[in-house]
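Take a look at the letters that make up each chain.
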Amino acid sequence: MKRVIVGLSGGVDSSVAAYLLKEQGYEVIGLFMKNWHDDSVTISNECPWLEDSNDALLVAEKLGIPFQTVDLSEEYKERIVDYMFKEYENGRTPNPDVLCNREIKFDVFMKIAFSLGADFVATGHYCRKGIIEKDGKEIYQLLAGVDDNKDQSYFLCQLSQEQLANSLFPIGELTKKQVREIASQLDLITAEKKDSQGLCFIGKVRLPDFLQQQLQPKEGNIIEIDVNDPIYKLEQPSFADAEDQLEFEAEPLHYLPSMGKVVGKHQGAHYFTIGQRKGLNVGGTKEGLFIIATDVESNTIYTGQAHNHPGLFRKALKIEPNDIHWVREDLRLKNGEKMKVLARIRYRQALQNATIYQFDSGLYMEFEEPQSAITAGQFAAWYIKDELVGSGVIS
């Protein structure tokens, strides 16, 4: 009998995942990860990880499976939290959920599971695993979840063949509605529980408060750039080759304070991200202000009015050579090669038509339609139909 360790998070998805595995005849053990908790920055006064681990325990008892808690807070702080601080400090916006899956759930956690004799690790992610044969060997596919609305393949975009080989995603074929129905029929305590928000396992966190622990507030200007600024009317230079043109299209525009007018003050450029609208506290503009650029060197935030401001859009992005990751190593592009793909630059974004190009200098992704708020530090993921084949950190 194969042994599966399920990451029980205290939510409905992992609860039902555990139940389905048991039904399929696996020996199932529930394991709750305590990842990191700091009461000073959670929004509500309840203690989410305590409540969650308690719910996970009750689910395990109900399903009649063994349960234990592991404390991974040290690894989590080292691999996720410290990394986040560093990225924000450098004016980039990291994605802790993608990292948490790569570094914690499918690495540290997986190693613990194997030490407990597991054959597989399972999670409550809405995605599916496919297996195909190529040149006599098995290749694992990361496929989108059947529920379009809940597909979480993006969060797993950094997984490797080895990690996929040892993973199971029992609810990938189901919709959220079906998952809740199963939980209700089983009378599980998590059946009606709201989906968790915020950083994985940290609970709802006020990001500025969280960042302020490490990054000192310092006042700077909020500058508004007019939609008719000459920077948006510049003629395109002529390009030596395709790489030259992609480099140009992927390069963010560089603004100077002299280009716009000061419309307010902020407490630190590193607390803000491109495309952000809330938290600026600037009134009196005809349309909402959106952040179009941040400069942590000069501690300046550049904004533009309305969601269709030209400063928000870019046609291409670049991924540095060390940040290119192929889930499907067999499809990796060689220098000079290109591939038509479907792509997204954030969770829940509808897939966009794009082409990826591989050069010595890195990988470029060029979109059919210009994209809003391409943000350094976030992950771009590319798909062929419903299969996520690769991803990388936007530079």
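Above this text you will find the structure in question.
Notes on the structure follow. (Residues numbered from 1 in each chain as written. Predicted model: local features only at pLDDT ≥ 70, side-chain atom pairs only at ≥ 80, totals over all residues. Heavy atoms only, no water.)

Describing the side chain of His270
Stated formally: By definition, any uninterrupted DSSP run of H or I lasting at least four residues is a helix, any uninterrupted run of E lasting at least two residues is a strand, and each is numbered from the N terminus. Contacts: residue pairs with any heavy atoms within 4.5 Å of one another.
With respect to the helices, strands and loops of the structure, His270 is situated in the loop between strand S9 (261-266) and strand S10 (289-295). Setting aside residues no more than four positions away along its own chain, His270 makes contact with Tyr88, Glu89, Leu211, Leu215, Gln216 and Val296.

Description of the nonpolar core
Among soluble globular proteins, nonpolar side chains are generally buried collectively. Put simply, the rule reads: Side-chain atoms within 4.5 Å are what join buried Ala, Val, Leu, Ile, Met, Phe, Trp, Tyr and Cys residues into a set we call a nonpolar core. Partly exposed describes any residue whose relative accessible area lies between the buried limit of under 20% and the exposed limit of over 50%, with all areas from a 1.4 Å probe on protein chains only and scaled to the type maximum.
If you look at the biggest cluster of nonpolar residues, it comprises 53 residues, and the most contacted ones within it are Ile104, Phe109 and Leu280. Tallying contributions element by element places helix H4 (residues 96-115) first for this core, with 9 residues. Residues within four places of Leu280 in sequence aside, it is in contact with Ile222, Phe272, Leu289, Ile291, Ile301 and Thr303. Counting residues in each nonpolar core, the second largest holds 27 residues, with Val6, Val12, Phe32 and Leu188 among its members.

Details of unusual backbone geometry
The backbone phi angle of Asp135 is positive, close to 50°, even though this residue is not glycine. Within the secondary structure layout, Asp135 lies in the loop between strand S5 (127-134) and strand S6 (137-144). Phi at Ala306 is positive, roughly 80°, even though this residue is not glycine. Inspection of the secondary structure puts Ala306 in the loop between strand S11 (300-305) and strand S12 (313-319).

Digging into the pairing of S5
For the record, the criterion: We call two strands paired when DSSP finds no fewer than two bridges between them.
Note: S5 against S6, 8 bridges, orientation antiparallel. Bridge pairing in S6 links Ile132 to Ile139. The hairpin formed by S5 and S6 contains 2 residues between the paired strands, and Asp135 there has a positive phi angle of roughly 50°.

A look at the layout of surface pockets
A probe matching the size of a water molecule, rolled over the atoms, marks out where space remains unfilled. Our working rule: Method remark: on a 1 Å grid restricted to protein atoms, a set of points is classed as a cavity if a 1.4 Å probe fits but cannot get out and as a pocket if it is open with protein on both sides within 12 Å along at least five of seven lines; lining residues have an atom within 4 Å of a point. Grid points are joined across faces, edges and corners, and a volume is the space filled by probe spheres set on the points. Ten residues, namely Ala, Val, Leu, Ile, Met, Phe, Trp, Tyr, Cys and Pro, are considered nonpolar, four, namely Asp, Glu, Lys and Arg, are considered charged, and the remaining ones, Gly among them, are considered polar.
Size it by volume and the second largest pocket reaches roughly 1,200 Å³. Lining the second largest pocket are 44 residues, with Ala250, Glu251, Pro252, Leu253 and Arg314 sitting closest to its centre. Counting only elements with at least two residues in the lining of the second largest pocket, the list comes to helix H8 (242-250), S10, S12 and strand S16 (362-372). Of the residues belonging to the lining of the second largest pocket, the class tally is 22 nonpolar, 11 polar and 11 charged.

Here we look at the sheet that holds S11
The criterion, for reference: Axes, fitted as lines to C-alpha atoms, cover a helix only where it is in contact. Angles between the N-to-C directions of the axes lie from 0 to 180 degrees.
Judged by pairing direction, the sheet is mixed, and its 4 strands sit side by side in the order S9-S8-S11-S10 without closing on themselves. With partners counted over all chains shown, the strands left at the sheet margins are S9 and S10, one partner each. Across this sheet, the average inter-strand angle for adjacent strands is 30°, counted without regard to direction. When S10 meets S11, the two strands line up antiparallel, connected through 6 bridges. The residue of S11 that forms the bridge with Phe290 is Gly304.

A few points about the sheet that holds strand S4 (residues 120-122)
Each strand in a sheet pairs with its neighbour through backbone hydrogen bonds, running either in the same direction (parallel) or in the opposite one (antiparallel). Strand order across the open sheet formed by 5 strands is S3-S2-S1-S4-S7, with parallel pairing between neighbours. Edge strands, defined here as strands with exactly one partner in the open sheet, are strand S3 (67-71) and strand S7 (167-168). One ladder, built from 2 bridges, connects S4 with S7; its direction is parallel. Bridged to Ala122 within S7 is Leu168.

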